[in-house]
Amino acid sequence: MESNKIIPRGLLFPFILLTTLFFAWAVPNNLTDTMLAAFKRIMSMSDSKTAWIQVVCYLLGYGCCAVPGALFIKKYTYKSGVMLGLGLYALGALLFYPAMLSSGVNIDFSFFMYLLAIFVLFAGLSVLETSANSYVLSIGPESTATRRLNLSQAFNPFGAITGVVISQIFILSQLNGMTAAERAQLPVEELAAIQGQELNAVTTAYVVLGLLMLALLLVIRFTKMPNLSEKGEKVEFGATLRRLIKNKNYVWGVVAQFFNIGAQIAVWSFVIRYAMVQLDFDGVLASLGDSASADAVVNALRGIEPVAAAFYDGCEWLGLDDLLPRTAEQAGATYYIMSLILFVIMRFVCTAMMKYVRAYKLLIGLALLAVIFCLGTMFGKGSFGVYCLMGVSGCMSLMFPTIYGFGLTGLGNDTKIGGSFMVMAIAGAAVLTQIQGIVSDQTGSIMAAYVVPGIAFAVIAYYGFFIARKQELAIK
């Protein structure tokens, strides 16, 4: 019976702490997604230039730091890796403050400083994910490892929602609604004052987050955790790498994860932009004039389509008036929040279904459905296109932990290094998001750019049928 337990006896509190990390790293992941829309407004950037935020996050942060983090973990312990990751996470968030101060010198240099802070933060997330994902897999029997990881990952979307809500309330609500053309006509001093207020809102949110991570770091430091380590073993990176390259199942798992995370971040990075274009939020708010009241703004947006209207009604009923939009970006973020809510619901549904339906079947079915939804996003008009885009989020719910679990199955002592390359595959987010931004700029259509995640989901469907299916059938 013990071999069938998801959480081993006596390890509930350490497991809760580890699961808290899944929540914690999702907050900046999805908070930073909304920064593409924020910096586009603040600094009047193109889609491809704002996509550099994701390049720094996922190509430099995750892509360059996962393997060094894994070598650190292999030399010490999973807990050491968790603490290092949390420390870098907190430091990166606190570096937003000097980045804001540098805006008084030069706004372009300030953007570079923000990118530097984001790099440090996401380097921490890379180490943290490498540690925590593998820690959860190893903390109990291998027979329940994938289900255990899905359970921890089920709380990741709550952090994602929290990140978007933080952005919605404390950042996007503070953006001035002037367009790039209107900002270009302002005197330099007036524009700098507006940008300073907007950047202060961005910075405050991240600094508070950094302080909270320092507190969590102290809790974990003084909590007794399972001492899973490989002390005394020689770190043979080259030999491990050669074994991993020969493992077809593992290599394809990394490839699938590259396209999975690339598609996920590409989908979410431009949700706000997509909704703003499809539903013409800028035009709706401009028609109200500069003196429109908050109630007039919400009522105008409520009349566009019924799903968001129901969301606004629910917020008012619950007393969550801060989630009611005041700007076009906030209105777009409403659909991001609803997409993440659907993602959460489907994560729990899929975790429960895995008890009765083989994981590879769920993976294949949802990947194919995601392709269909991407086509609807590309060719659908108005609210239909937006609904299809939200549907993609539901399809993505089980993909990361399922691919991760399949890819690391049976790696034994190579799990740490193998896990680092699996996390490193998150660099796909930088590549696909940048490609999507370029497609959007070149075609002049954010809708057409969703061909990029559509192709990625087709690759995942291929992986599910030809690799994951054979592996799961062989095991069972």
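Heads up: the structure comes first, above all this text.
Please read all numbers here as calculations on a predicted model, not as lab measurements. Every chain is numbered on its own, with residues counted from 1 as its sequence reads. It should be noted that, the model being predicted, local features are given only for residues of pLDDT at least 70 and side-chain atom pairs only at 80 or more, the latter also being counted only at that level, while totals for whole chains, interfaces and linings use all residues. Excluded from the side-chain calculations are hydrogens and water; all other atoms, namely the structure's heavy atoms, are used.

**Points about helix α22 (residues 428-443)**
Helical geometry note: an α-helix holds 3.6 residues per turn, so side chains three or four residues apart project in the same direction.
Stage number 1. An ideal rise of 1.5 Å per residue puts 22 Å on 16 residues; α22 measures up with 22 Å between its terminal C-alpha atoms.
Stage number 2. In the stretch just after α22, G444 is the one whose phi turns positive, near 70 degrees. Under the DSSP-based scheme used, a helix requires at least four consecutive residues in state H or I and a strand at least two consecutive residues in state E, with every element numbered from the N terminus. To estimate how far a helix should extend, the number of its residues minus one is multiplied by 1.5 Å.

**Describing the layout of surface pockets**
Stage number 1. Definitions used for this entry: grid spacing 1 Å over protein atoms alone; cavity, a set of points where a 1.4 Å probe fits but cannot get out; pocket, an open set with protein on both sides within 12 Å along at least 5 of 7 lines; lining residue, one with an atom within 4 Å of a point. Grid points are joined across faces, edges and corners, and a volume is the space filled by probe spheres set on the points. The space that makes up the second largest pocket amounts to roughly 500 Å³.
Stage number 2. Taken together, 19 residues form the lining of the second largest pocket, with G177, L285, A286, G289 and D290 sitting closest to its centre.
Stage number 3. When residues in the lining of the second largest pocket are grouped by element, the largest group, three residues, is from helix α14 (residues 281-286).
Stage number 4. The class makeup of the residues in the lining of the second largest pocket is eight nonpolar, six polar and five charged. For this classification, Asp, Glu, Lys and Arg are treated as charged, while Ala, Val, Leu, Ile, Met, Phe, Trp, Tyr, Cys and Pro are nonpolar and the rest, including Gly, are polar.

**Some points on the packing of helix α12 (residues 248-269) against α22**
Stage number 1. Running from N to C, α12 and α22 cross one another at 45 degrees; their axes reach a closest spacing of 7 Å. Judged by the inter-axis angle, α12 sits oblique to α22. At the point where α12 passes α22, the crossing takes the right-handed sense. From α12, F258, F259, I261, G262, A263, I265, A266, V267 and S269 reach across to α22, where they touch G428, A429, V431, L432, T433 and Q436. Axis lines are fitted to C-alpha atoms, over the contacting stretch for helices. Their N-to-C directions set the angle, which ranges from 0 to 180 degrees. Oblique is the label for any angle not under 35 degrees, not over 145, and not in the 65 to 115 range, which are roughly parallel, roughly antiparallel and roughly perpendicular in turn. The handedness criterion is simple: a crossing whose near helix is rotated anticlockwise from the far helix by less than a right angle is left-handed, and one whose near helix is rotated clockwise is right-handed. Residue contacts follow a heavy-atom distance rule, with two residues in contact if any of their heavy atoms lie within 4.5 Å.

**Some words on the environment of N150**
Stage number 1. With respect to the helices and strands, N150 occurs in helix α7 (residues 145-153).
Stage number 2. We classify N150 as buried; its relative accessible area is 0%.
Stage number 3. Each residue touching N150, except ones within four places of it in the same chain, is listed here: R347, T351, M354, L398, P401 and T402. Categorising residues by exposure relies on relative accessible area from a 1.4 Å probe, with only protein chains included: less than 20% of the type maximum marks a residue as buried, more than 50% marks it as exposed, and the intermediate range marks it as partly exposed.

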